[in-house]
Amino acid sequence: MKERIEPKYLRLGIMLFCLFVACAVVLVILLNLSTVRETIDGFLSSISPLFYGLIFAYLLNPVMKRFESWAFPLFNKLNFFKTSKKASPEKAARAVGIVFSLLTAVIIIYALFAMILPQLGESLVSIASNLSTYYSNFQTWATNLFADSPELTSLVNDVFSRLYETFKDWLSNDFLPVFTSLTTGVFGFVGGVLDIIIGLIVSVYVLASKNLFQAQSKKMIYALFKVERANAVIDVLRYTNKVFGQFIIGKIIDSAIIGVLCFICVSLLKMPFPLLVSIVVGVTNVIPFFGPFLGAIPCTFFILVVDPVKALYFVIFIFILQQFDGNILGPKILGNATGVSGFWVVISILVFSALFGVAGMIIGVPSFAVISMLISRKITSSLNKKGIDDETDFENLDNIDPDTLKVKLIDPNSQSD
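Residues numbered from 1 in each chain as written. Predicted model: local features only at pLDDT ≥ 70, side-chain atom pairs only at ≥ 80, totals over all residues. Heavy atoms only, no water.

Trainee: Provide a residue-level description of the overall build of the chain, including the pertinent values.
Mentor: Helix and strand counts for the chain come out as 15 helices and two strands. Relative to its full complement of 417 residues, the chain shows a buried share of 28%. Here the analysis covers contacts within the chain between residues at least 6 apart in sequence; of these, 63% occur between residues at least 24 apart. With the model as given, the accessible surface of the chain reaches about 28,000 Å², and the carbon-plus-sulfur share is 68%. (Helix = DSSP H or I, 4+ residues; strand = E, 2+ residues; numbered from the N terminus. Buried < 20%, exposed > 50% of the residue type's maximum accessible area, 1.4 Å probe, protein only. Contact = heavy atoms within 4.5 Å. Areas by Shrake-Rupley, 256 points an atom, 1.4 Å probe, with all protein chains shown as cover.)

Trainee: Outline the packing of aromatic side chains, listing residues and values.
Mentor: In this structure the tally under the stated criterion is three aromatic pairs. Taken together, F67, W70 and F100 form an aromatic cluster joined through their ring pairs. (Phe/Tyr/Trp six-rings, centres within 6.5 Å; stacked < 30°, edge-to-face > 60°.)

Trainee: How would you sum up unusual backbone geometry? Please name residues and give values.
Mentor: Even without being a glycine, K270 presents a positive backbone phi close to 60°. Among the structural elements, K270 can be located in the loop between helix 10 (227–268) and helix 11 (274–284). On the basis of relative accessibility, which here comes to 65%, the residue K270 falls in the exposed class. Even without glycine at this site, F273 takes up a positive phi of about 55°. Within the secondary structure, F273 sits in the loop between helix 10 and helix 11.

Trainee: Outline the packing of helix 3 (residues 48–77) against helix 10, supporting the account with residue identities and numerical values.
Mentor: As a packed pair, helix 3 and helix 10 sit with axes 11 Å apart at the nearest point and diverge in direction by 85°. By the criterion of interaxial angle, the relationship of helix 3 to helix 10 is roughly perpendicular. On the side of helix 3, the interface is formed by Y58, L59 and P62, while helix 10 contributes N241, F244, G245, I248, I249 and I252. Residues that form the contact of helix 3 with helix 10 fall into these classes: seven nonpolar, two polar and no charged. (Axes fitted to C-alpha atoms, helices over the stretch in contact; angles between N-to-C directions. Parallel < 35°, antiparallel > 145°, perpendicular 65-115°, else oblique. Nonpolar A, V, L, I, M, F, W, Y, C, P; charged D, E, K, R; others polar.)

Trainee: So what about helix 3? Which residues, and what values?
Mentor: Relative to the 44 Å expected for 30 residues at 1.5 Å per residue, helix 3 spans 42 Å between its end C-alpha atoms, a close match to the ideal helical length. Every buried residue of helix 3 is accounted for by S48, P49, G53, F56, A57, L60, N61, M64, E68, A71 and F75. (Expected span 1.5 Å × (residues − 1).)

Trainee: A description of helix 15 (residues 358–385) should follow, citing residues and the corresponding values.
Mentor: Given a rise of 1.5 Å per residue, 28 residues ought to cover 40 Å, and the 41 Å separating the end C-alpha atoms of helix 15 matches this to within 8%. In the structure, helix 15 departs most strongly from a straight axis at G364, where the bend amounts to approximately 50° and where the proline P366 lies between one and four residues downstream. Among the residues of helix 15, G360, M361, G364, V365, P366, S367, F368, A369, V370, M373 and L383 are the ones counted as buried. Of the residues one or two after helix 15, G387 is the one with positive phi, at around 80°. (Bend = angle between axes of the 7 residues up to and from the residue.)

Trainee: I'd like to hear about the packing of helix 11 against helix 12 (residues 291–304), residue by residue, with values.
Mentor: Two elements in contact, helix 11 and helix 12, have axes whose closest approach is 8 Å; the angle formed by their N-to-C orientations is 165°. On the basis of the axis angle, helix 11 is roughly antiparallel to helix 12. Where helix 11 crosses over helix 12, the handedness of that crossing is right-handed. For the pair formed by helix 11 and helix 12, the contact residues are L276, V277, V280, V281 and T284 on the first element and G291, P292, L294, G295, P298, C299, F302 and I303 on the second. Classifying every residue of the contact of helix 11 with helix 12 gives ten nonpolar, three polar and no charged. (Left-handed = near helix turned anticlockwise from the far one by under 90°.)

Trainee: So what about the side chain of K210? Which residues, and what values?
Mentor: Following the sequence through the fold, K210 ends up in helix 9 (residues 210–224). Buried within the structure, K210 lacks any salt-bridge partner; its nearest side chain of opposite charge belongs to E68, at an N-O separation of 5.4 Å. Look past the residues within four positions of K210 in its chain and what remains in contact with it is N61, M64, K65 and R94. (Lys, Arg positive; Asp, Glu negative; His and termini not counted. Salt bridge = Lys/Arg side-chain N within 4 Å of Asp/Glu carboxyl O.)

Trainee: Provide a residue-level description of the environment of K386, including the pertinent values.
Mentor: By the secondary structure assignment, K386 is in the loop between helix 15 and strand 1 (397–400). For the pair K386 and L405, spaced 19 residues apart in sequence, the C-alpha separation works out to 9.0 Å.

Right, here's the structure in full:
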């Protein structure tokens, strides 16, 4: 008679085997780290159109819903849809919404490439070709300004000379070859255009099947989790979509308005490179908190090499513009989209930028808002299980009686640290 293997030994053997396989896989990855990294990079590059499509679909969804809401009442009144078995007002309105949202995206992309990119290139090439002239003008200005202090003049000239050499080397060795290859490299340009086109096609399928994907996702969630947990997961996903949607779409609109205002004001003040400066200010404004500083530094340098006095005016103007954005325009557009305090905004940007680079700086704040919400719910649930009211005045709390759970507040007349 064969002896049966006890289940506990069988489970132990399976666990040891899985542990051995996992260690072997980790060892192979560590020994071939460069190959693994190249494979991952190649895989991510090959599916980049899918990422573009999902991003386009997410950004176009609010536009599609707006056109859809306008078209549905019209199609709903037509007798054709009342007699047809295959067609429906919902499908027709969805098709109209997708078409017009794509047309909106194509018009915006065409405007960016056709109007902004050539002028942006001309501004950058002008800076590179006239850099020596700008440097001579700055030396003359610094010498006249600090005529009574030769030591200070020498120090300023020395610092700016080093910056000049560094910037010139960067333009000659790093930037201009890359810029030239981007604008004249046929394969790179065609590849980028193809990725965008494929991404737009993917976004069409995603938008057209949005309701189906939502239904399948909910079905999977309820199949994997208990009903209570599934409800909580769906609630968190809805909150995440709300936070990211309000923040990203609102930030794009806010940054576009800031860029236009910057272009108008810089043009009126007759500062050099108005389009280049406005694009840099508008794009970097998408990044919360640090964006204005990141955009103002290179723009100030561009203006400084041409006219140092106007560079000072530009710094003052950017300060006023960002105060307007932070205290008036931004709150009007974004509202309280994230509910994250200023301190945690800085922390979230620093942490996510270290993990994901520039993209992390953009998604850091809404991501931290979702994480903060989950932590807050967990804390509230834990307090409720212990019978402690989460609305308790914890700021003035002295202690809680372990038997009666009665809250004792700090005596305002007593000394405290």
